Amino acid sequence: CRSIAILTGAGVSVAAGIPDFRSPGGMYDTLRPELITATAAQRRAMAADPTAVVLKDMFFANAFPYLEVRRPFILGTRERRWRATLSHRFAELLHAKTGKLTRLYTQNIDGLDYQTALPTEKIVAVHGSIGKVACEGCGAPMEFDAFCAEVRARIKDLYGVDSAAPAESSPIPCPACHRPLVKPTTVLFGSSLPAEFFERSAEDLPSVDLLLVAGTSLVVSPANSLVYRVPDSAVRAVINAEPVGQELGIRYSPGGRDLFLGGECDDTFLALMVQLGWADDLARLDAELPAASQKRLRALLAAGVGDEDFTTV
């Protein structure tokens, strides 16, 4: 095996406790449009479909719904309220220990991959990242800390958790074009994916001989195209709670190229890292892990598992 690519989804961030936007009880499910700074027509649109908050047309007409709804996620990212999990650390150690990681393609916008020591050029954020900021109008970047300071000072708190937040929202102008269109680089509905995804995948995939697919339902395109764009000789290993991708040509059969490793991503990646002899490396990362990942790792270490107990493969 010489070239490994990884495609990740929300499942790799579960142990971090990242807020879920779409599930029952998530931000979209509990959205209260009447609290959002918007016109009556815009509030009706959000009431009918909460994902209107992240529509390109909505943002260009009124940036406040996006910024107000995502305010706690933006500021929480700045405060590192959520930490990279064991699943994220697998990619980091894979690169550091073997040099065989060609690219990590993440569908997640949480930015947790950037907390690891993985070089940024190894990461393609397919749907953008909450931790990077640019103007939707002119494309000019804005420093993340400076943007967060503006969000804290100018965007009201819909959730009643920040007593220092302003009572009303005011625009955050782009430092370059001065339009109120700066936001995290997360891809809005109606916008194109970053050119980097198409450029890197065209460059990477022809030589990939192992594709790891982790924590994703494989229903979102074009990210899911990676599974059928790798060579026919490439092994495809799916790490997920349930088998996925059959409609994309994945066939789980004994002796075939497609493997299914069922269960929680953190559990599976922890087992893989132990088998690869990386337990001691993980122990050194313990303090940087979220609580759920720490619990898994500490239970394993308490059982006396160390690198000397396993053969590196």
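Under the definition given, this model contains two cavities of 30 Å³ or more. The space that makes up the largest cavity amounts to roughly 50 Å³. Together, G11, V12, V14, A15, S87, E264, C265, D266 and R296 line the largest cavity. When the residues that make up the lining of the largest cavity are grouped by side-chain class, the tally is four nonpolar, two polar and three charged. Broken down by secondary-structure element, the contributors of at least two residues to the lining of the second largest cavity are strand 1 (4-8) and helix 5 (86-98). Counting residues per element, the lining of the second largest cavity draws most heavily on helix 5, which supplies four residues. Per-class residue counts for the lining of the second largest cavity are six nonpolar, three polar and one charged.

Our focus in this paragraph is the packing of helix 5 against helix 9 (residues 265-275). Interhelical geometry of helix 5 versus helix 9 gives an angle of 35 degrees and a closest axis separation of 8 Å. Relative to helix 9, the crossing made by helix 5 is left-handed. Within the contact between the two elements, helix 5 uses L86, S87, R89, F90 and L93 and helix 9 uses C265, D266, F269, L270, L272 and M273. Along the lines of polarity and charge, the residues of the contact of helix 5 with helix 9 split into eight nonpolar, one polar and two charged.

Time to look at unusual backbone geometry. The peptide bond linking S221 to P222 adopts the cis configuration, its omega dihedral lying at 0 degrees. Inspection of the secondary structure assignment puts P222 in the loop between strand 7 (210-214) and helix 8 (226-229). Backbone geometry at L218 places phi at a positive 60 degrees, although glycine is not the residue there. In this structure, L218 sits in the loop between strand 7 and helix 8. By relative accessible area, which is 1% here, L218 ends up buried.

The next subject is the packing of helix 4 (residues 71-78) against helix 6 (residues 144-154). At their nearest, the axes of helix 4 and helix 6 sit 10 Å apart, and the two run at 135 degrees to each other. Classed by the angle they form, the pair helix 4 and helix 6 counts as oblique. For helix 4 against helix 6, the interelement crossing comes out left-handed. Contacts between helix 4 and helix 6 involve R71, I74, L75, T77 and R78 from the former and F144, D145, F147, C148, V151 and R152 from the latter. Partitioning the contact of helix 4 with helix 6 into residue classes produces six nonpolar, one polar and four charged.

Thresholds applied
Chains are numbered independently. Their residues run from 1 in the order of the written sequence. Where local features are concerned, this predicted model is filtered to residues with pLDDT of at least 70; where side-chain atom pairs are given and counted, the filter is 80 or more; whole-chain, interface and lining totals use all residues. Computation of side-chain values covers all heavy atoms of the structure but excludes hydrogens and water. Buriedness for pockets is judged along seven lines, at least five of which must meet protein on both sides within 12 Å for an open set on the 1 Å grid over protein atoms alone, while cavities are sets there where a 1.4 Å probe fits but cannot get out, and lining residues have an atom within 4 Å of a point. Grid points are joined across faces, edges and corners, and a volume is the space filled by probe spheres set on the points. Ten residue types, Ala, Val, Leu, Ile, Met, Phe, Trp, Tyr, Cys and Pro, are classed as nonpolar, four, Asp, Glu, Lys and Arg, as charged, and the remainder, Gly among them, as polar. Put simply, DSSP H or I for four residues or longer makes a helix, DSSP E for two residues or longer makes a strand, and each gets a number counted from the N terminus. Interaxial angles span 0 to 180 degrees and are taken between N-to-C directions of axes, which are lines fitted to C-alpha atoms, for helices over the stretch in contact. Crossing handedness: left-handed means the near helix sits turned counterclockwise from the far one by under a right angle, and right-handed means the same turn made clockwise. We call two residues in contact whenever any of their non-hydrogen atoms come within 4.5 Å of each other. Throughout this description, buried means an accessible area under 20% of the type-specific maximum (1.4 Å probe, protein chains only), exposed means over 50%, and partly exposed covers the range between. Geometric relationships in this document are graded by angle, where less than 35 degrees denotes roughly parallel, more than 145 denotes roughly antiparallel, 65 to 115 denotes roughly perpendicular, and other angles denote oblique.

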